[in-house]
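# Notes for the structure review
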Amino acid sequence: MATAGGGAMADLGCRGLCLLSFCVLLAGLCGGNSVERKIYIPLNRTAPCVRLLNATHQIGCHSSINGDTGVIHVVEKEEDLQWVLTDGPNPPYVVLLEGTLFTRRVMEKLKGSTSRIAGLAVSLAKPSPASGFSPSVQCPNDGFGVYSDSYGPEFAHCREIQWNYLGNGLAYEDFSFPIFLLEDENETSVIKQCYRDHNLSQNGSAPAFPLCAMQLFSHMHAVISTVTCMRRSSIQSTFSINPEIVCDPLSDYNVWSMLKPINVSGTLEPDDRVVVAATQLDSRSFFWNVAPGAESAVASFVTQLAAAEALHKAPDVTTLPRNVMFVFFQGETFDYIGSSRMVYDMEKGKFPVLLENIDSFVELRQVALRNSLELWMHTDPMSQKNESVRNQVEHLLTTLEKSGAGIPAVILRRPVQSQPLPPSSLQRFLRARNISGVVLADHATVFHNRYYQSVYDTAENINVSFPERQSPEDLNFGTDTAKALADVATVLGRTLYQLAGGSNFSDTIQADPQTVTRLLYGFLVRANNSWFQSFMRQDLRSYLGDGPLQHYIAVSSPTNTTYIVQCALANLTGRVINLTREQCQDPNKVPNENKDLYEYMWVQGPLNSNETERLPQCVRSTARLARALSPAFELGQWGSTEYSTWTESRWKDISARIFLIASKELEIVTLTVGFGVLVFSLVITYCINAKADVLFIAPREPGAVSF
C-alpha cells in the first residue's frame, strides 16, 4: 500500500510539472510576437531591387539567405561616404542614401567596397532631380530592333543617336547587396531619427552602443542567366513531385481591338487590308513594380484610347474599305516581348490578322512633352530604299500632315530622312516584312523625357495635377496636358480614318479632352475611382488601387494595367446591349450574338440616381487579349538572340526592418554567461537526478503500519 500511494503522488507531481511546463511554453509562444514587436520596427512601404536574367547575364540585387544586417549610416552628401567606406569602426553598414545621390558615380564607389556594405536604402528625391535621372541604358532594346550589322549597320547599336542620352545603365547592373526604395516619408523620418539618437558620431569619435541597424531580406533563387535558371526549373519539374521553380519568364497579354469586328476563329483573307495603330503599355524602373511610366507609356496609350473612342463615333466606320486594329503591346521595355510575339503569331497563322494584311502602321511613342507644339514623324530609311515602300510612306506622311492641318495645336514635322527609327514596336514588324510605318513622338532626336524608365516618370513629369481626392465625375474640364494629348488623339483618329479609306467625316472626328483627363487621373493619380469602377468587371475590383497604377510587366498576368486598359477600351469603343448576366457570360446561347465576332463583358455599371448602388450591364466590344510571352520560351530557345529571354527570379521573403544592436563584446559576454548558465543547469540536473532516490522519498500512507 505504501508503494502504491507513493507512486500515485509521484505521478501526480509529474503531471503537474508537465502541465506547468506546457503553460510556460504556451505563454512564451503567445508572447513571442509582442517581444518581436518591441525589438523590431518593420518597414512596410518599401520596394526592392530584384534579380532579372536574360540569355547571358543577371542584373539587379539580392541578399544572403538570412538577410543582410548593417549599422545604419545616413548619406546626405557625397563626403559622408568616407565614414562608410573607410573611417567607420562598425562595418558592415546599411547606407540610407538621399535620392539625389543615387547616381552611377556613387553606386560604383559602394559596389567596390562590398565588404563594408550590407545594403542600401534609397529615399525618394523631392522634388525630382533637376538634372534628370534614368537608370535605363542609352540605347534601349539594343540588338532586338530592326538595325543590325547586316541591316543598316550605320544605325545599329544607336551609333548615330543615343536616344536616352541621360541613361546611366544602373538598372542593368548586378549588385551583390540588397537595395530598397523607401516610399514612405514617415518611415524615412523614423530611420533618420533612430540614426540621430544612436549612430551620430560626436566630434569624429565612434558612437556608443547600442546602435541602430537595418536588416534587408531579398534573397533571390535564380543565378547566372535565363539558360541556367530555366534548365534548373525544367529538371525540377521533370524529376520532382514538388518542383522548386527558380525563375519565371516575363509575360503578360497584349490588348487589341478592331474597328469592324472580325471572326477570331480564323484568319483574314489575303486581300483584306488593315491599318495598325500601336503603342506600348509597360514601363519599369530600378525597383520592382515601381513603374509609373507617365511619359514613357501612359500618355501614349491614353492618347490612343481617346483616338479609338473618337474614330468609333464616325458615322460610316462600318462601310470603310479597310479595317483598323488598335494594339497595346506589353513587355516592350524588355526587348519587345509583346510585339515580337504578335509578329511570331502572325507569321505562324496563330493570329486573325496576318502580316500580309497590314496596309500601314502608325505608332505613338512619348508624346506628352512636345516643344513648340511639334510632333515628329519618324520613319525607317532602310525600308524606303524600296520605291514601293517609299511611296507608301510618303502617302502616310502626307495623310498625317493633312489631318494635322486642321489642328493648330499640333505641328507635324519630318526629321532628316536619313535618320533611323527610335526604339519602337514598328522595328519588330520591319524585321519580318517591309511595311509603310511611322512613329509619332515629341522628340526629333534624343528623348525629351529626363526620367525615362525611372521612379520619377510620374504625373508631375508631364505636368498633370489634380485637387486632392478629386473624383473623375467632377472633372468637367480638360487639363492643359489632357487638351494637348486630345489634340494628338484627334490627329491620329483622323489619319486612321483616311488611311482606312474614309473621306466624308474626317473633320467631325474629335477626341474628348474630358476622356483624356479622366484616363490620366485614373492611371496616374488614383485608379480606384467611380468612373474606373463603372467599366470594370465585378471580379476585377481588387485591381483598382487607391494610388497610381504601376506598369511593370511582371510574371503573374494579366496585370492591373492590362485588364484596366481592356475594360477602358471596351467602354470607349463598345456598346451596352440588353442581355442578362447569364446571357452576357454565355452569349452563344442568344440569337444574333457571336463570341467569335465580339467580346462580352458584364461590368459594374454607373451609379443609380441615389448613388447608393451600381447598375450592372453587358458591354459588347472587340477588345480582346493576346498572349505576350516571348517566342523564345515557346520554342525552348532560352539562349535566343532573336527573341527576348528576360526572366524574373523567384524569392520567398522580401522585407526590411530596423532595430538596436549591442556591441560585439556585450554579445560575447551574453553568450558566455548564457553558456555558463546552461552548463551549471546541466550539472545541477545531473546531481539531482543521481540523488533522486534520496531527495524525493515518497511519504508513507497514513495508517499503513505493520505490527
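Coordinates for the structure precede this section.
Computed from a predicted structure; not experimentally measured.

## Quick word on the packing of helix H6 (residues 294-312) against helix H10 (residues 480-499)
At a minimum axis distance of 8 Å, the contact between H6 and H10 shows a crossing angle of 50°. For the element pair H6 / H10, the angle class is oblique. In the packing of H6 onto H10, the handedness of the crossing is right-handed. Packed against H6, whose contacting residues are Ala 299, Thr 303, Gln 304, Ala 306, Ala 307 and Leu 311, the element H10 presents Leu 485, Val 488, Ala 489, Leu 492, Gly 493, Leu 496 and Tyr 497 at the interface. Within the contact of H6 with H10, the residues separate by chemical class into 10 nonpolar, 3 polar and no charged.

## Quick look at helix H11 (residues 513-524)
The end-to-end C-alpha distance of H11, which contains 12 residues, comes to 16 Å, matching closely the 16 Å that a straight helix rising 1.5 Å per residue would cover. Among the 12 residues of H11, 10 are classified as buried, and the element is accordingly described as predominantly covered. Of the positions making up H11, those classed as buried are Thr 515, Val 516, Thr 517, Arg 518, Leu 519, Leu 520, Tyr 521, Gly 522, Phe 523 and Leu 524. Those residues of H11 that are buried lie in contact with H6, H10, helix H12 (530-534) and helix H13 (560-573). Between the side-chain oxygen of the N-cap and the backbone nitrogen of Gln 514 there are 3.0 Å, and the N-cap of H11 in question is Asp 512.

## What to know about the packing of aromatic side chains
The tally for this structure, following the rule as stated, stands at 27 aromatic pairs. Plain terms: the ring middles of Tyr 172 and Trp 646 are 6.1 Å apart, the flat faces sit at 65° to each other, and that makes the pair edge-to-face. A residue pair is termed long-range when its members are at least 10 positions apart, and Tyr 172 in the loop between strand E7 (117-123) and strand E8 (179-182) and Trp 646 in the loop between helix H15 (631-635) and strand E22 (647-649) qualify at 474 residues. Consider the rings of Phe 286 and Phe 287, whose centres lie 5.1 Å apart with planes at 70°: the pair is edge-to-face.

## Some details on the state of the cysteines
Under the defined criterion, the tally for this structure stands at 5 disulfides. Note on cysteine connectivity: Cys 49 is disulfide-linked to Cys 61, with sulfurs 2.1 Å apart. Taking the sign of the torsion about the S-S bond as the criterion, the disulfide between Cys 49 and Cys 61, at about 85°, is right-handed. Taken as a pair, Cys 49 in the loop between strand E2 (46-48) and strand E3 (52-53) and Cys 61 in the loop between strand E4 (58-59) and strand E5 (68-75) lie far apart in primary sequence, 12 residues in all. Assigned by exposure class, Cys 49 and Cys 61 land together as buried. For the chain, the bonded cysteines pair up as 1-2, 3-4, 5-6, 7-8, 9-10 when numbered in the order they occur along the sequence. Residue Cys 567 stays outside any disulfide, its sulfur separated by 12 Å from that of Cys 584, the closest cysteine. Judged by relative accessible area, which is 1%, Cys 567 ranks as buried.

## Quick word on the sheet that holds strand E20 (residues 617-621)
Taken in spatial order, the 3 strands of this open sheet run E18-E20-E19, and their pairing is antiparallel. In the strand order of this sheet, the two ends are held by strand E18 (575-577) and strand E19 (599-603), each with one partner. Each strand of the sheet is rotated relative to its neighbour by a mean of 40°, with strand direction disregarded. Two elements, E19 and E20, share 5 bridges in a ladder whose sense is antiparallel. When the bridges of E20 are listed, Glu 599 appears paired with Ser 621. Along the sheet, H13 contacts E18, E19 and E20; its crossing angle with E19, the most-contacted strand, is approximately 100°.

## A look at the sheet that holds strand E1 (residues 41-42)
Spatial strand order, E1-E23-E9-E5-E6-E7-E8-E2: 8 strands in an open sheet with mixed pairing. The two strands at the open ends of the sheet, each matched to only one other strand, are E1 and E2. As paired strands, strand E6 (residues 93-97) and E7 are joined by 5 bridges and run parallel to one another. Residue Leu 96 lies in a different strand from E7, and its bridge partner there is Ala 121.

## Thoughts on the packing of H6 against H11
The interhelical angle for the contact between H6 and H11, taken along N-to-C directions, is 145°, at an axis separation of 10 Å. Taken as a pair, H6 and H11 cross one another with a handedness that is right-handed. Facing Ala 294, Val 298, Phe 301, Val 302, Leu 305, Ala 306 and Glu 309 of H6, the residues of H11 in contact are Thr 515, Val 516, Leu 519, Leu 520, Phe 523 and Leu 524.

## A word on the nonpolar core
Ranked by size, the top nonpolar core spans 83 residues in total, and within it Phe 301, Leu 305, Leu 520 and Phe 523 carry the most contacts. Ranked by the residues each element gives to this core, the list is headed by H6, at 12 residues. Each residue touching Leu 305, except ones within four places of it in the same chain, is listed here: Phe 328, Leu 519, Phe 523, Val 565, Ala 568, Leu 569 and Leu 572. In this structure, Val 71, Leu 97, Leu 120 and Val 122 belong to the second largest nonpolar core, which totals 37 residues.

## As for the environment of Val 619
Looking at the element boundaries, Val 619 is found in strand E20. Residues Val 619 and Leu 597, 22 residues apart in the sequence, show an inter-C-alpha distance of 13 Å. Apart from residues no more than four positions distant in its own chain, Val 619 is found in contact with Ala 570, Arg 575, Val 576, Glu 599, Tyr 600, Met 601 and Val 603.

## A short note on the pattern of salt bridges
Under the defined criterion, the tally for this structure stands at 27 salt bridges. We note a salt bridge from Asp 248 to Arg 650, for which the minimum N-O separation is 2.7 Å. Of this pair, Asp 248 sits in strand E10 (residues 247-249) while Arg 650 sits in the loop between E22 and strand E23 (654-661), and the two are 402 residues apart along the sequence. Residue classification places Asp 248 among the buried positions, given a relative accessible area of 17%. Arg 650 gets classed as partly exposed once you look at its relative accessible area, which sits at 35%.

Calculation criteria
Residues numbered from 1 in each chain as written. Predicted model: local features only at pLDDT ≥ 70, side-chain atom pairs only at ≥ 80, totals over all residues. Heavy atoms only, no water. Axes fitted to C-alpha atoms, helices over the stretch in contact; angles between N-to-C directions. Helix = DSSP H or I, 4+ residues; strand = E, 2+ residues; numbered from the N terminus. Parallel < 35°, antiparallel > 145°, perpendicular 65-115°, else oblique. Left-handed = near helix turned anticlockwise from the far one by under 90°. Contact = heavy atoms within 4.5 Å. Nonpolar A, V, L, I, M, F, W, Y, C, P; charged D, E, K, R; others polar. Expected span 1.5 Å × (residues − 1). Buried < 20%, exposed > 50% of the residue type's maximum accessible area, 1.4 Å probe, protein only. Polar contact = N/O pair within 3.5 Å; in protein donor to acceptor, adjacent residues only side chain to side chain. Phe/Tyr/Trp six-rings, centres within 6.5 Å; stacked < 30°, edge-to-face > 60°. Disulfide = S-S within 2.5 Å. Pairing = 2+ DSSP bridges. Core = buried A, V, L, I, M, F, W, Y, C linked by side-chain atoms within 4.5 Å. Salt bridge = Lys/Arg side-chain N within 4 Å of Asp/Glu carboxyl O.

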